[in-house]
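# Architecture at a glance
Next come the chains, spelled out residue by residue.
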Amino acid sequence: MLLLGVSRCWKRLAVSGPIQQMGQVPLTFRAAATPSRLYTTQAPLFGGMTRKEKIITSNTQELEYRRRSSTDRRRAVFTDRNQFKYARRLVVKMGSAVITREDEHGLALGRLASIVEQVAECHVGGRECIMVTSGAVAFGKQKLAQELLMSLSMRETLAPKDPTKYETGTLLEPRAAAAVGQSGLMSLYDAMFAQYGVKIAQVLVTKPDFYNDETRRNLISTLSELISLNIVPIINTNDAVTPPPQTDDDFPKGKEGKKIIALKDNDSLAAMLAAEVEADLLILMSDVDGIYTKPPSMEGARLIPTFTPDMLKTIEFGKKSKVGTGGMDSKVQAATWALERGVSVVICNGYQEKAIKTIMNGRRLGTFFTDVAPQFSGLAVETLAENARIGSRQLQRLRPEERAGCIRTLAELLISKQDEILSANSKDLAEAVKANTPQPLINRLSLSPSKLKSLAAGLNQIAETSLTNVGRVVRRTTLATGLDLTQITVPIGVLLVIFESRPDCLPQVAALALSSANGLLLKGGKEAAHSNKALMEVVKEALNSVGVPNAISLVSTREEISDLLSMEKHIDLIIPRGSSELVRSIQERSQHIPVLGHAEGICHIYVDSEADLQKALKIVRDSKCDYPAACNAMETLLLHEDHLSNGFFVEVCNMLRKEGVTIYSGPHLAEKLTFGPPHAKSLKAEYGALECAIELVKDVQGAVDHIAQYGSGHTDVIVTENIGKARDFQRDVDSACVFHNVSSRFSDGYRFGLGAEVGISTARIHARGPVGVEGLLTTKWVLNGDGHTAADFAEGGPCTFLHQSLPVD
């Protein structure tokens, strides 16, 4: 392939404007230095230059270095975390607090190994990585402390006070410790990186090296040479000879009078290197989560996820770390200095597991430095979540009649505002057609006057039940004379509902949240953006009628779902609605917030030997063909083996084929047929389309066993006229919904009389099946007494327990 010749002094194309993906290559560029030549190579774009490229460009290196002024030339920086995946050149700085133990005697090997693994993955994946490390002094202190112990007298060794612990500062000179520890540190890095087939090189620098044009040029040349050979440079200050820290004024400004950062610590060293090599991203790993508005230990301190230079005056810095030489103020200064020279920066907690990988995946971790203020169409997600929490408390204080009235207002607005809603929906439909979206998904996206009318009817149904939801007494008990205990229903708190395609679920879920007095965050798919916005305006208008405008919000910022899933301090329950892939993904990625949802909807219809066959045809047709994309649609038809010889098998196959259904055969059916439907690849398949499998079973128990092996615990049906068989089936099938002689499509909140559903759960804890208002409530215990104490009920005390149950009404 043809690549642009790259100067050995890191001349490159700078990204600006929208970034599109073609493999890993940014496609939109602004003007940059003219390449010296065009050449052919087999080297990967994101690896270093080949030896041939190195030779071609080496003669122009010194000339190019003198021509450019990298610390003064302004380059484009990333404006969004999602763009980190395009980062080619990466500098990772690890502070002493990250890689050393708390006692400062030795390295935190487990943490260091994890960081090495992540850097190695980036390197093997094609990124050019440079590491700036501390640790030589700590490693050396550990070694020298052992030598010191051996040299002590017996009396000193047996003394209660451990001199190697308490007198190291006076007995061990840091420069000597650095000299001893440097070789061991690099041996450790070499062994760790060797596990991933990665070669490393040590580069020791002193601060004056950056202020001399010749030594700085030599340093950059060395780094260029190493990376061209696919080697990871590991840079550390030569602490064995490094002079004491100096002030900014102690350093010259260079021949051209350009401003240069004072190199007092590894933060400023990393910033200088990142600017010199024109890195795309600098990661400064610290022992705190990022930049806070004030020291994290102080009350009211808030993490700043995205930092712009104009925020500097709003930050109150605390004391620097007890380990190392750089405090948080030095990190901010180094980050802003690098940012001014076109390097994006993230300050993060190096203790965080997989921190580098998380950052490179675009997830929000630490503080991201950019000179472009984040463009949100609304408030930050944290603010929306806090508003939802406050809104939930406000909803609880409303009278039930007021919550019900708000839901009825919403139902009325769906009808009175239908022109605006349908107009917005038509925009989404037009974009979906233009994008060649499959017809089943377009059907889910589509709204109509009849759909809005059905929605309004469901909302009015929810309004009726709102009068007795919150604060309902579940249990009353007299514990002792004058000591009464009551269990009452209360909202869960703040819900996050993530949904795809179907905009009609937005008002449904909003009504359920209002009925249960829960705060709500809604995250809809981009395919329904116009519809969701119009519907949210209607919801806001209804909320305003009872004075709680912020209880429900639509998340419409650039926040990734991954960020929302990490907000365990703000969100109490996540409910994904959509494809099984979406549900499964949310369940896997949410580590600290419970998820209410179903993994799959593998629903079965079993047609028994004693079934009414015409009734069975009607039920099978509706279960499969009414809405094949629904999670409650039939995916496998189980037939009693008698139906293969009585003509019903042929009849049901003909009916399904007329409806356009593709049929697959299970292994038992295939054994009985010479010619028949193609084999099903899996009996655990959720087709979500006009496709299904047919399998034979011997009896009811065979059907139960098949469902236990292949089902997903969603909805399963028996068609039979034998009541005893039906009862056995309903008892033995372990699914959320088990039906007799009805379509599986009845597994729905509206059809169950719940008004609507927030989702269908196949879990066994909390809610199961279609989840209406009841599934969005929990309980709390209220105890009323008259000066009672636990000691009163001790043996010989004045009180005794009665534990008498009382009627709840």
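Residues numbered from 1 in each chain as written. Predicted model: local features only at pLDDT ≥ 70, side-chain atom pairs only at ≥ 80, totals over all residues. Heavy atoms only, no water.

### Considerations on the pattern of salt bridges
- With the rule as written, the count across this model stands at 25 salt bridges.
- Of the charged contacts, one joins Glu-128 and Arg-88 as a salt bridge, the two residues approaching to 3.2 Å between their closest N and O atoms. With a gap of 40 residues between them, Glu-128 in strand E6 (residues 128-133) and Arg-88 in the loop between helix H2 (61-67) and strand E5 (89-94) connect regions that are remote in the sequence. Each of the two residues, Glu-128 as well as Arg-88, counts as buried.
- The salt bridge partner of Asp-267 is Lys-331, with a shortest N-O separation of 3.3 Å. (Salt bridge = Lys/Arg side-chain N within 4 Å of Asp/Glu carboxyl O. Helix = DSSP H or I, 4+ residues; strand = E, 2+ residues; numbered from the N terminus. Buried < 20%, exposed > 50% of the residue type's maximum accessible area, 1.4 Å probe, protein only.)

### A closer look at the nonpolar core
- The biggest cluster of nonpolar side chains holds 54 residues, and the ones touching the most others in it are Val-497, Leu-506, Leu-520, Leu-522, Val-539, Ile-552 and Val-758.
- Ranked by the residues each element gives to this core, the list is headed by helix H19 (residues 505-516), at eight residues.
- Ile-552 has contacts with Ala-510, Ala-513, Leu-514, Leu-520, Leu-522, Met-536, Val-539, Lys-540 and Leu-543, leaving out every residue within four places of it along the chain. (Core = buried A, V, L, I, M, F, W, Y, C linked by side-chain atoms within 4.5 Å. Contact = heavy atoms within 4.5 Å.)

### With respect to the sheet that holds E5
- Reading across from one edge, E7-E8-E6-E5-E9-E11-E12-E10 is the order of the eight strands in this open sheet, with mixed pairing throughout. Each edge of the open sheet is held by one strand with a lone partner, namely strand E7 (199-205) and strand E10 (306-307).
- Here strand E9 (residues 281-286) runs beside strand E11 (residues 344-349); their pairing, made up of six bridges, is parallel. Bridge pairing in E11 places Met-285 opposite Cys-348.
- Against the sheet, helix H12 (residues 328-340) engages E5, E9, E10, E11 and strand E12 (367-369), with an angle of about 155° to E11. (Pairing = 2+ DSSP bridges. Axes fitted to C-alpha atoms, helices over the stretch in contact; angles between N-to-C directions.)

### Observations regarding the sheet that holds strand E18 (residues 573-577)
- In spatial order, the strands read E17-E16-E15-E18; together these four strands make up an open sheet with parallel pairing. Both outer strands of the open sheet, strand E17 (552-554) and E18, are each paired with one neighbouring strand and no more. The average angle at which neighbouring strand axes cross in this sheet is 15°, direction not considered.
- Bridging between strand E16 (residues 519-524) and E17 involves three bridges; their strand directions are parallel.

### Things to note about the pairing of strand E23 (residues 715-719)
- Of all five residues in E23, five are buried; the element is thus mostly enclosed.
- Inspection of the sheet shows E23 paired to strand E24 (residues 737-740) by four bridges, in the parallel sense. Of the residues in E24, the one forming a bridge with Ile-718 is His-740.
- Crossover handedness for the path E23 to helix H27 (residues 723-732) to E24: right-handed. (Right-handed = clockwise from strand over helix to strand, strands pointing away.)

### What about the confidence of the model for the protein?
- Chain-level statistics for the protein give a pLDDT mean of 81 and a share of 80% at 70 or above.
- Between residues 1-74, whose pLDDT stays under 50, and residues either more than four places distant or in other chains, the model counts 151 contacts.
- Below pLDDT 50 for its whole length, residues 320-326 participates in 19 contacts with residues either more than four positions away or in separate chains. (pLDDT = per-residue confidence, 0-100.)

### Notes on the packing of aromatic side chains
- Under the counting rule described, the total for this entry stands at seven aromatic pairs.
- With 5.1 Å between their ring centres and 90° between their planes, Phe-84 and Phe-368 make a pair best called edge-to-face. One end of the pair, Phe-84, is in the loop between H2 and E5; the other, Phe-368, is in strand E12, and 284 residues separate them in sequence.
- Residue classification places Phe-368 among the buried positions, given a relative accessible area of 2%.
- These aromatic residues form a ring-pair network of at least three members: Phe-78, Phe-84 and Phe-368. (Phe/Tyr/Trp six-rings, centres within 6.5 Å; stacked < 30°, edge-to-face > 60°.)

### Some details on the pairing of E18
- Within E18, five of the five residues are buried, leaving the element largely enclosed by the surrounding structure.
- Burial along E18 is two-sided: the face carrying Leu-573, Ile-575 and Arg-577 and the face carrying Ile-574 and Pro-576 are both buried.
- Pairing between strand E15 (residues 494-499) and E18: five bridges, direction parallel. What sits directly across from Ile-498, in E18, is Pro-576.

### Considering the state of the cysteines
- The tally for this structure, following the rule as stated, stands at zero disulfides.
- Free of any disulfide, Cys-129 has its nearest cysteine sulfur in Cys-122, 5.0 Å distant.
- Here Cys-129 falls in the buried class, since its relative accessible area comes to 2%. (Disulfide = S-S within 2.5 Å.)

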